[in-house]
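The primary structure of each chain is shown beneath.
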Amino acid sequence: MTLFLILVIVAIVLGIIGAVAEGLFYLLVIGIVVFVAALVYLGMHVQRSGRHRRRLR
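A brief structural summary. (Residues numbered from 1 in each chain as written. Predicted model: local features only at pLDDT ≥ 70, side-chain atom pairs only at ≥ 80, totals over all residues. Heavy atoms only, no water.)

### Topic: the overall build of the chain
A count of helical and extended segments in the chain gives two helices and zero strands. With 57 residues in all, the chain has 18% of them scored as buried. For the chain, the exposed surface amounts to about 4,900 Å²; the carbon and sulfur share of it is 71%. (Helix = DSSP H or I, 4+ residues; strand = E, 2+ residues; numbered from the N terminus. Buried < 20%, exposed > 50% of the residue type's maximum accessible area, 1.4 Å probe, protein only. Areas by Shrake-Rupley, 256 points an atom, 1.4 Å probe, with all protein chains shown as cover.)

### Brief notes about helix H1 (residues 2-20)
With 19 residues, H1 should reach 27 Å at 1.5 Å per residue; the first-to-last C-alpha distance of 27 Å fits that figure. Residues Phe4, Val8, Ala11, Leu14, Gly15 and Gly18 constitute the buried set of H1. Seen end-on, H1 carries its buried residues on one side only, within an arc spanning 135°. In H1, those exposed residues whose orientation departs by more than 90 degrees from the buried face are Thr2, Ile9 and Val20. (Expected span 1.5 Å × (residues − 1). Arc of directions from axis to C-beta.)

Below, the structure written as structure tokens:
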């Protein structure tokens, strides 16, 4: 979960710098890609942890 939070923070910082700084639009694109990668990582993590649930008797 820590990796997910770090990826989201990096994506936000890159997105803000890419949107504000003139000529650094590619940082905004990289920030979006990192954010999507963070969402994919979270989805894989949640799916994997959902498989190991114990059945109630």
